[in-house]
Structures are given as structure tokens and as C-alpha cells.
Amino acid sequence: MSLDTAPRLDADALLDDPQTRIVVCCGAGGVGKTTTAAALGVRAAERGRRVVVLTIDPAKRLAQSMGIDALDNSPRQVEGIEGPGELYAMMLDMKRTFDEIVEAHAEGDRARAILENPFYQSLSAGFAGTQEYMAMEKLGQLRARDSWDLIIVDTPPSRSALDFLDAPKRLGSFLDGRFIRLLTAPAKAGGRAGMKFLNVGMSMMTGTLGKLLGASLLRDVQTFVAAMDTLFGGFRTRAEATYRLLQAPGTAFLVVATPERDALREAAYFVERLEADRMPLAGLVLNRVHESGAAQLSAERALAAAETLDERGVDDAGSGAKSAGAAGTDTASTGGTDTADTTGGTGGTDSTGTEGAAALLRLHAERMQVLAHERRTRDRFAALHPEVPVTQVTALPGDVHDLAGLRDVAELLTAQEAPGA
Amino acid sequence: MSGLQRLHVVTGKGGTGKTTVAAALALALAADGRRTLLVEVEGRQGIAQLFETEPLPYEERRIASAPGGGDVFALAIDAEQALLDYLQMFYRMGSAGRALRRLGAIDFVTTIAPGLRDVLLTGKACEAARRQDKHGRHVYDAVVMDAPPTGRITRFLGVNAEVAGLAKAGPIHNHARSVMRVLTSARTAVHLVTLLEDMPVQETVDGVAELREAGLQVGAAVVNMVRPALMDEAELERAAADPAALAAALSAAGLGGASRGARAERLVAPLLRQAREHTERLALERTQRAALARLELPQYELPLLTEGVDLAGLYRLSGELGKQWPL
Ligand SMILES: Nc1ncnc2c1ncn2[C@@H]1O[C@H](COP(=O)(O)OP(=O)(O)OP(=O)(O)O)[C@@H](O)[C@H]1O
Ligand SMILES: Nc1ncnc2c1ncn2[C@@H]1O[C@H](COP(=O)(O)OP(=O)(O)O)[C@@H](O)[C@H]1O
Ligand SMILES: [Mg+2]
Ligand SMILES: [Mg+2]
């Protein structure tokens, strides 16, 4: 099974379908999730939809060119869209999103007490999974506002694509955990029978932890937990609601990967996970794929030809000191006849032509080796998941940092013909 | 061994090759009969994958021998385990520790205070770097840490100051302060791995500024996955100026006819297009190199291994590092 037989992902059809309300771009770090999300946003808007793109960590120049480098944690309209629709974009501010939840759910003094607590501050800035949770939260908020008919979400730069799905639950279960319940309401958590044991347990524990961490630290934790208590239930309920939103019809996942082993392994995990959780996978975006307009010339032949030319070049230079070596003479002379047959009057530039051609051939050989490697990795994925629709995006020589670049990526993403090959 | 450096912290943007470079560095530092410890702190078993071994336990284990004789040990540090160790070591609290764990308290403590988790992780690495045998000799010539990515590294290392502040007294406070002393000393250096691309270089530049600001010593920039420069602009211009000569040369090399529409002639345009992409990329890489040069750090380069990094490839990278880096 190879990639060439995989069904082709029709991204335009996905974007044009009014039933499509949320598109989630996920994948391993650095593969092009943010780029893909932004490119799809531009495309959908230029084809008439009213779109918002929630980006997490756009490259600086990309954010600047979209006008979303100022962090105000809410969508702004992107200028320069050429078409009937509208594009809004924003960059997630994780801490601010967290603060906003606290402010929305706790009154003045209580909210302030939480926001100022040192533990809240370290939790909101650094808890593994906070970013994923806040991305989900923001997605829920955007959806609730109902001002856009298409929301495209980028996902945080996690090491693993699955983090996006798992982290909110982890945060939820952590906040709901047994120990937190003990700290907040020891008696309640233990029930009648368990109460005594737990109280003993508690005092031993707070004693130990107090010794270890210093009593003031533990007091900070307890105050924080007590103040957050009412919020916890809310957190979990909200996380669950957003999770359900991801399972609802109208949501589509795009898995982004580069044709490299690690990235495609992550992509495969993600595909399997979506299936298990009955979340709708639209397809795989294979990004930064290399191509060649001269793929009919193999790496081996190109290298052999380059060597032939090197030897010829030495001969042409006529520096008798350097011997070209006997092995080359044969090919060189046949080559010579061929040249004479087919072209005329290149004598003067022959040695530049020879050197140039040898360099071009070496470059080509390198390119073909990359292609072969990428093809092997892709085919392995295709063998595992032959049903997944795929689209490819060529590796552009530079990075993608403006609307024009995004349009190029979108054009490749939605092209119905496999490029090059 | 250059100077006092014992603890090498390897960071970089996600996916740039932190784990690979950390492992290659540990191998290079172990060359000629030395002994190094390679530690990971994110519970991902990246080291085991790279060395093609079983998942690492929370235990220092020999995983490779270095060229010229020498040993690389590895350890996957786990924050919960480190806390339990710590409780046991200072309080002989083995069983209480286990009870705490059952209640979820250990998880709670290491999670709610990310700073605490970090101090346990860095603390363990510092301990290994300082550890001496009964003759007062260092057990490891160097410890190399496969650290969290650039975006989190300053917090991760500097967090000990934060913990020391949060825990205003008590053993954790003291522990955090002593770890911080090692981390900010001349014995510790933070190295940054980057690619010659916009985002990783930008992160490197920002990261170096942050690290320096926090009083941490930055060691080297390691440019990873460098692709060879096969043709420069001048060569390309010269070649492109005379497509007929190129066609003739390709034809002479046996790739078909050179006349218009013949096989060799049809190769010229796509080959030139590839060359243009190549020189365009080289030009972008030059700007990235210039940005890195402004950091005034020693800079080492590792080639892209097109087939990916297997064990043989890892030794090759380690050899490259050893050649360039005065270790
Ligand atoms: N010089 C190289 N040539 C070819 N491939 C490389 C090279 N260095 C690293 N790689 C590959 O790049 C991928 C990422 O490398 P590695 O896992 O070391 O990065 P990392 O920075 O530790 O990633 P993470 O942020 O996920 O921890 C791996 O597949 C690795 O084999
Ligand atoms: N097809 C492509 N060709 C060239 N560069 C690309 C391509 N796709 C992405 N990039 C570049 O790769 C870098 C990482 O992309 P990004 O979208 O931020 O990845 P992620 O969000 O998955 O971490 C950016 O500098 C981006 O411009
Ligand atoms: Mg991103
Ligand atoms: Mg790693």
C-alpha cells in the first residue's frame, strides 16, 4: 500500500460545507499546525465564510503580518482578505484566559484572593496541560459567541499530539482529585466510616508536608484550594462540554505531519485515538514534502553522471598535471560524440557548462535521496491507515510569514492534483 | 575536560534535536576512559528509544561505551520518585511516603507547585554531578541533561529561586538554594540546539537573553541538521547563463540528447529550479547564521543524516561534536 493509492483529501469541500463549524489542526510540534490553520482560515474566508482562527503560537512575523501580535486575547479582523468572506484571528493568552475564568466565576475579593495566590500564579503559568485546557476553553467561548460560521483551531506545541485531547481531563481530574477534596473538606470526603482514618492521615500529612515545605507554603496551598473550591466543579463540567463539542457533527480534525518518522508516528497515534473516541477525522495534511521536476532521473544515475563530468572537466581544463584517471575516458569520449551530434557552438563555455551541470546533478541526487526517504516513511503510514484521506503541501524554500505565503500553502493544500511525483 | 564544567544542560526548540545532541555530547565527553551520566527529566524515555534499549528505570544504568573506552550511564529522573527518595533520605519516611503517595499527596505536591517538581529534577542532576566516591573523586566526569525546551528552560532552572521564595523555610527551601548555587555556578552550562530556520533561531536568541538575565551560564549553540551547501549563487548564475552548455554537458554525461525537447535538454529547467530553491535556502540560512553569530557563543554544527539517527548515526554525530568542541 502506498500513498499514491490513498484517497485524496478535498480540503475545499470541507471548508465550503456549511455544516463544517469547527476544524481542529493537530499534530506533533513544528510540523506546521499553526501555518495550516492560518492558511485554511485565509482560504475559507476568501471563499466566502466568516471565519475565526484561534492560533496558539504563531511565528512572530506571521503574527505581525496578520495583525495579531498584540496580545488582547480576543479575535481581530485580518486585513487584506480578497474575497466575499471575513477572517478574524487571535493568539491565545493562556494566563489571561485562566484569569478570565476566575473573574467570571468568583466575586471581587474572592477572585482577587485567588489571582494573587502564589500557587494560582504558578499553576496558571506552568501546569503541564494548562495551555491545552485554555485552548479548549477558548474554543468553547468562541463557539458560544456564535459570531462565526467556521472556527479553525490550532493546537499547542505539545510533544505529543494526544496532549491536546488528554490534558484537559488531566487538569480536571487533578482538580477533582482525592487529595484536593481532602484538603478542601476532609470530613466530607471521608464519609462517616472513613473520617477518622482520614483525619489521622490528614494531620500526619499536613504535618509532614509542613515540615518539608515550611508551614507558610502549606497554608498558601490550603488557602488557594479553598478559594478555588467552587471553581473546580465548573472547570470539569466545562472541559467535558468542550470535549463533547469535539465529538459533535460539524467538527473535523486535520492531522498535520511532516514526512518524517516521529511526526508520522504521532499522526498514526492520533488517528487511532480519534477513532477510539469517535471523533471525526477529515484527513492528513502532509506538510513540507519535497518534490522534483526531474524525478525520472534517479539519485544513482545523477551521481554517476556528475562523476563523469568531473573527470571530463579535468580533461577539458587541460591541466596535464592532474590525470583524469583511466576509468573515465571511455564514458567521456562517448559523451563527447553525443555532444557533437546534438549541439553546436558551445565550445567556449563548455567547462562552465560541465562544472555547472555536475553541481546541478549532485543537488538533484541529494534531493532524490530525500524524496526516497520521505516516500518510505509516508508509505509506512499509508500501509497502517490506508483509509485516511491525504493532501500534500510542498516544502517551500523559505518560511511562511505573510498572507501571500499562506495563500500559497492553501493553494497546495487544496490542489486536486498531486504535485510533481 | 575544559575547566570545571560538570553539568551540561541541553535545551532547544521542540524537535530540533535536544535528546540526540545531549546523547552525542554524553558520548563525546565519555571518550578515552571517562564516565558520564545522561539524564532525562520529562518522563518520555527518549534516551531509551535513541539507544534502542528497554525503558530506563529510576536507576543509573550503563547504556553505551564511548570510543577509546569510557562509559555512558543513563537515568530517567522521575519527580515523584525523587521526592520519595528525598523523604527517605532526610526523614527515613519510606512508609509514610508510600501512604502519602496512595492518597495522591505526592502527585499533588509535585503537580501543584511545578517549581517543586523542577527542583526535585534539577536537584537530582546536581547531586549526581557533585557526587564523590570515598576517595573524594567525582563519580561522573560530567552529567548531561536532556532538558525541557527553550520556552521553559529558564523557568525550569531558575524556578529554584522561585521555590526557595515560595517555601520560605524548611528543608525544601534549603535544598532549592543549594541547587540554585550549582546551577548558577561556572560548573554548569546551558547549551542550545537550533536549526537554521526562523522560529528555532528566534527562540534561541530569546532564550539566550533570558538565561543570561537569570544569571545562568550559556555554553554553546549547536546547529543541528545542517544540509551541505552544494552550489552558491555565483555558480548558479554562471550555469544558468548558458542553458545550452548545460544541456550539452548533461548529454555528454550520457543523460540523453541535448537538442531542444531531447531528454538531457528537458532536465535543464527543473534542475535549475532546484538549484534556485537551494540557493534561496542558503541565503535564508545565512541570515540565521548571522543572527546566531551575534550571540557570541561558540558554535558547533552537526550534519543532517538523511536516513535518520540510528546508533551508528549517533556515534557519528558524537564524533563530529568531539572534533569541533574542546571538551
Ligand atoms: N543531525 C540529525 N540528522 C538527522 N536527523 C536528526 C538529527 N538530529 C536529530 N534528528 C532527528 O530529529 C528528530 C528529533 O530529534 P530529538 O528527539 O533529538 O529532538 P528533541 O529536541 O529532543 O525533541 P523533543 O522536543 O520532542 O524532545 C528525531 O527523529 C531525530 O532522530
Ligand atoms: N510547507 C512549508 N514550507 C516551508 N516552511 C513551512 C511550511 N510549513 C510550515 N513552515 C514553517 O515551519 C515553521 C513551523 O511551522 P508552524 O506552523 O509554526 O508549526 P507548528 O504550529 O506545528 O509548531 C514556521 O517557520 C513555518 O513558516
Ligand atoms: Mg504552532
Ligand atoms: Mg527530546
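These figures come from a predicted structure and were not determined experimentally.

### Description of the coordination of the magnesium ion (ligand 3)
All names here are of chain A.
- Summarising the metal site, the magnesium ion (ligand 3) is bound by the protein donors Thr34 (OG1) and Asp57 (OD), whose distances to it range over 2.1 to 2.2 Å. In this pair, Thr34 is assigned in helix α2 (residues 33-46) and Asp57 in the loop between β2 (50-55) and α3 (60-66), connecting sequence segments 23 residues apart.
- Residue classification places Thr34 among the buried positions, given a relative accessible area of 11%.

### Observations regarding the site of ligand 2
- Surrounding ligand 2, one finds 16 residues, the nearest of these being Gly32, Lys33, Thr34, Thr35 and Val400 of chain A.
- Close to ligand 2, residues of chains A and B are found.
- One nitrogen or oxygen atom from the main chain of Gly30 of chain A is found 2.9 Å from an oxygen atom belonging to ligand 2.
- Side-chain polar atom of Arg288 of chain A to an oxygen atom of ligand 2: 3.1 Å apart, as the coordinates give it.
- Burial of ligand 2 by the protein amounts to 97% of the accessible area it has alone, namely 570 Å².
- Put simply, the parts of the chain that give the shell around ligand 2 at least two residues each are α2, β7 (281-289) and β8 (390-394) of chain A.
- For the shell around ligand 2, the element with the most residues is α2 of chain A, which contributes three residues.
- Residue classes in the shell around ligand 2 are distributed as six nonpolar, seven polar and three charged.

### Concerning the side chain of Thr36 of chain A
- Within the secondary structure layout, Thr36 of chain A lies in helix α2.
- Ignoring any residue separated from it by four or fewer positions in sequence, one finds Thr36 of chain A in contact with Cys25, Val256, Val285 and Leu413 of chain A.

### Regarding the sheet that holds strand β5 (residues 142-146) of chain B
Residue and element names in this part refer to chain B.
- Judged by pairing direction, the sheet is mixed, and its eight strands sit side by side in the order β3-β4-β2-β5-β1-β6-β7-β8 without closing on themselves. With one partner strand each, in any of the chains shown, β3 (61-65) and β8 (299-303) form the two edges of the open sheet. Between one strand and the next, the sheet's axes are offset by a mean angle of 25 degrees, whatever the strand orientation.
- Across seven bridges, strand β2 (residues 34-40) lies against strand β4 (residues 70-76) in parallel orientation.

### Details of the confidence of the model for chain B
- The share of residues in chain B with pLDDT of 70 or more is 92%, and the mean pLDDT across the chain is 90.
- The complex model carries a pTM of 0.88, and its ipTM stands at 0.87.

### Comments concerning the layout of surface pockets
Residues and elements named next belong to chain B.
- Reported here for the second largest pocket is a volume of approximately 320 Å³.
- What lines the second largest pocket is a set of 15 residues, and nearest its centre among them are Tyr86, Met89, Gly123, Glu127 and His175.
- Elements with a contribution of two residues or more to the lining of the second largest pocket: α3 (79-91), α6 (114-130) and α8 (171-183).
- The greatest single-element share of the lining of the second largest pocket, amounting to six residues, is contributed by α6.
- Of the residues assigned to the lining of the second largest pocket, the class counts are eight nonpolar, three polar and four charged.

### With respect to the environment of Glu272 of chain A
- Along the polypeptide, Glu272 of chain A turns up in helix α12 (residues 261-276).
- Linking Glu272 of chain A and His385 of chain A, residues 113 residues apart in sequence, is a C-alpha distance of 9.1 Å.

### Overview of the packing of aromatic side chains
- Tallied over the entire structure, the rule returns five aromatic pairs over all chains.
- Centre to centre, the rings of Phe253 of chain A and Phe270 of chain A are 6.1 Å apart; their planes meet at 50 degrees, and the pair counts as tilted. Within this pair, whereas Phe253 of chain A is found in strand β6 (residues 251-257), its partner Phe270 of chain A is found in helix α12, the two being separated by 17 residues in sequence. In this pair, the class of Phe253 of chain A matches that of Phe270 of chain A, namely buried.
- With a centroid separation of 4.7 Å and 25 degrees between ring planes, the pair formed by Tyr300 of chain B and Trp325 of chain B is classed as stacked. Separated by 25 residues along the polypeptide, Tyr300 of chain B in strand β8 and Trp325 of chain B in the segment after α13 (311-324) bring together distant segments of the chain.

### Some words on the packing of helix α11 (residues 243-252) of chain B against helix α12 (residues 263-293) of chain B
Residues and elements named next belong to chain B.
- Taken N-terminus to C-terminus, the directions of α11 and α12 make an angle of 120 degrees; their axes are 8 Å apart at the nearest point. The angle between α11 and α12 falls in the class oblique. Considering how the two elements wind past one another, α11 and α12 form a crossing that is right-handed. For the pair α11 and α12, contact is made by Pro243, Leu246, Ala247, Leu250 and Ser251 and by Ala264, Glu265, Leu267, Val268, Leu271 and Leu272, respectively.
- Considering only residue class, the contact of α11 with α12 consists of nine nonpolar, one polar and one charged.

### Some points on α12 of chain A
All names here are of chain A.
- Compared with an ideal rise of 1.5 Å per residue, which puts 16 residues at 22 Å, α12 spans 23 Å between its outermost C-alpha atoms and is within 8% of the ideal.
- By the burial criterion, the buried members of α12 are Ala263, Leu264, Glu266, Ala267, Ala268, Phe270, Val271, Arg273 and Leu274.
- Two residues or fewer past α12, Arg278 is found with a positive phi of approximately 50 degrees.

### Structural notes on the domain arrangement of chain A
Residue and element names in this part refer to chain A.
- Annotation of chain A at the domain level lists domain 1 (3-182 + 232-290 + 395-413) and domain 2 (299-377).
- Residue-level contacts link eight residues of domain 1 with six residues of domain 2.
- Summed over the shared surface of domain 1 and domain 2, the number is zero salt bridges.
- On inspection of domain 1 and its partner domain 2, the count reaches two residue pairs in polar contact (both at pLDDT 80 or more).
- Secondary-structure elements contributing two or more residues to the side of domain 1 that touches domain 2 are α12 and β7.

What counts and how
- Residues numbered from 1 in each chain as written.
- Chains lettered and ligands numbered in written order.
- Predicted model: local features only at pLDDT ≥ 70, side-chain atom pairs only at ≥ 80, totals over all residues.
- Heavy atoms only, no water.
- Donors = N, O, S within 2.8 Å, 3.2 Å for Na, K, Ca; no water.
- Helix = DSSP H or I, 4+ residues; strand = E, 2+ residues; numbered from the N terminus.
- Buried < 20%, exposed > 50% of the residue type's maximum accessible area, 1.4 Å probe, protein only.
- Near = heavy atom within 4 Å.
- Polar contact = N/O pair within 3.5 Å; in protein donor to acceptor, adjacent residues only side chain to side chain.
- Areas by Shrake-Rupley, 256 points an atom, 1.4 Å probe, with all protein chains shown as cover.
- Nonpolar A, V, L, I, M, F, W, Y, C, P; charged D, E, K, R; others polar.
- Contact = heavy atoms within 4.5 Å.
- Pairing = 2+ DSSP bridges.
- Axes fitted to C-alpha atoms, helices over the stretch in contact; angles between N-to-C directions.
- pLDDT = per-residue confidence, 0-100.
- 1 Å grid on protein atoms, 1.4 Å probe; cavity = no way out; pocket = protein on both sides within 12 Å on 5 of 7 lines; lining within 4 Å.
- Points joined across faces, edges and corners; volume = space filled by probe spheres on them.
- Phe/Tyr/Trp six-rings, centres within 6.5 Å; stacked < 30°, edge-to-face > 60°.
- Parallel < 35°, antiparallel > 145°, perpendicular 65-115°, else oblique.
- Left-handed = near helix turned anticlockwise from the far one by under 90°.
- Expected span 1.5 Å × (residues − 1).
- Domains from an automatic or database assignment.
- Salt bridge = Lys/Arg side-chain N within 4 Å of Asp/Glu carboxyl O.

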